Structure formats: C-alpha cells, structure tokens
Amino acid sequence: MRSNDVSALSDEELILRLQADRHDPRPFETLVRRHQGFVLANCRTISRSPSDAEDLAQEVFVKAYFGLRRFEHRAQFQSWLRRIKVNHCLNFLRKTRGQVMVGLTETGDADIAELSTPASIDTTLDGDDERQRIVAVLDTLTETLRVPLVLRDADGMSYE
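Quick caveat: nothing in here was measured; it's all calculated off a predicted structure. (Residues numbered from 1 in each chain as written. Predicted model: local features only at pLDDT ≥ 70, side-chain atom pairs only at ≥ 80, totals over all residues. Heavy atoms only, no water.)

1. Some thoughts on the side chain of His35
Working step 1: Mapping His35 onto the fold places it in helix α2 (residues 26-47).
Working step 2: One polar contact links His35 to Asp11, side chain to side chain, over a distance of 2.8 Å.
Working step 3: Once you skip the residues sitting within four places of it in the chain, His35 turns out to touch Asp11, Phe61, Phe77, Gln78 and Leu81. (Helix = DSSP H or I, 4+ residues; strand = E, 2+ residues; numbered from the N terminus. Polar contact = N/O pair within 3.5 Å; in protein donor to acceptor, adjacent residues only side chain to side chain. Contact = heavy atoms within 4.5 Å.)

Set out below in structure tokens:
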C-alpha cells in the first residue's frame, strides 16, 4: 500500500486519520464511497422518494463529517452512521407528515387528484421483479409499520 492510498485502510483507521488531520478529504471520501449504498437505499425506502433520499443521504454524511470529532470509537463507524441516518430520516418524516408535494410543472385538479390516490397494487405487481413487489408492499404500509420493518431487515436493528 502506498502512503497516499487510503482505500485499503479500515473505517477505524480512516476515522483516526480524519480526527488527526481534517484538511485531508481522502479518508472521508473513502468512507462515503464505502457506505453510500446502504445509506441511500435505506433513505429511499424510508422516505419513499428517490429525490428526497438523495438529499437525505447527503445530509446524513454532512452530519457524520461534522460529528466525527465527537465519535468515541465505542461502536463501529457503520453503526454510528446508521444511528445518524435513522434519526435524520425519522425527523424528515415527522416534518413532512401529512404534506403532499406537487411539482411546479403539475397543473390542473386532475393531476393533483392522481397524486393523492394510491397506486393500484395490480399495476405495481405486473412485473416479475421481486424488488418491485417488495417496494409496492412497503408503500402500502403506514409509516409506523414500514420504518421499523425496513430498519430491522436492512440494518439488523431490533423491532424495539
């Protein structure tokens, strides 16, 4: 391993480097590349919105970056990052509860009525892709059922 190559370092070693020298962005970039997939996927499932999920995932990593000086190494980085992600996504859901977002290009009452009508389960199950069926079922669940299920299945957390 070259001295400038940080990709082979463990998460723990990367965090120690970041805590020692905040001016080198490479260790944090490596952490983001390693963990962005699971953060983005969970944010997408919890928020039910791909565009919101990208913003949420980015905000999770910003919070993690600025919180690294308080990271005490009592847990693995991924567990700590998961906690930030869960709290951030739950706060997002609390803030947006009951809000219906309509794009600026949407016009007319018919379009708005379509947005407020849940999709038919038949149209989402037409494809054979198991992932689409799982997403369709998750979308039918209320937030209080969906979020614990996703966090249990995707993150290995307990239902409590």
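2. Looking at the side chain of Asp24
Working step 1: Structurally, Asp24 is set in the loop between α1 (11-20) and α2.
Working step 2: In this structure the side chain of Asp24 is engaged in a polar contact, spanning 2.8 Å, whose partner is the side chain of Arg26.

3. Considerations on unusual backbone geometry
Working step 1: Despite not being glycine, Arg48 shows a phi value in the positive range, around 65°.
Working step 2: Topologically, Arg48 is positioned in the loop between α2 and α3 (50-67).
Working step 3: Residue class for Arg48 comes out partly exposed when judged on its relative accessible area of 38%.
Working step 4: One non-glycine residue with positive phi stands out, namely His73, at about 65°.
Working step 5: With respect to the secondary-structure elements, His73 resides in the loop between α3 and α4 (77-96). (Buried < 20%, exposed > 50% of the residue type's maximum accessible area, 1.4 Å probe, protein only.)

4. A few points about the confidence of the model for the protein chain
Working step 1: Scored by pLDDT, the protein chain has a mean of 79; 77% of the residues are at 70 or more.
Working step 2: Of all helices and strands in the protein chain, the one with the weakest mean pLDDT is helix α5 (residues 109-116) (49), whereas α3 scores best (93). (pLDDT = per-residue confidence, 0-100.)

5. Regarding the pattern of salt bridges
Working step 1: All chains considered together, the criterion is met by three salt bridges.
Working step 2: Note that Asp11 is salt-bridged to Arg34, the shortest N-O span being 2.7 Å. On the criterion of sequence distance, the pair formed by Asp11 in helix α1 and Arg34 in helix α2 is long-range, its members being 23 residues apart.
Working step 3: Taking the shortest distance from any N to any O, the salt bridge between Arg74 and Glu72 comes out at 2.6 Å. An identical accessibility class is assigned to Arg74 and Glu72; each is exposed. (Salt bridge = Lys/Arg side-chain N within 4 Å of Asp/Glu carboxyl O.)

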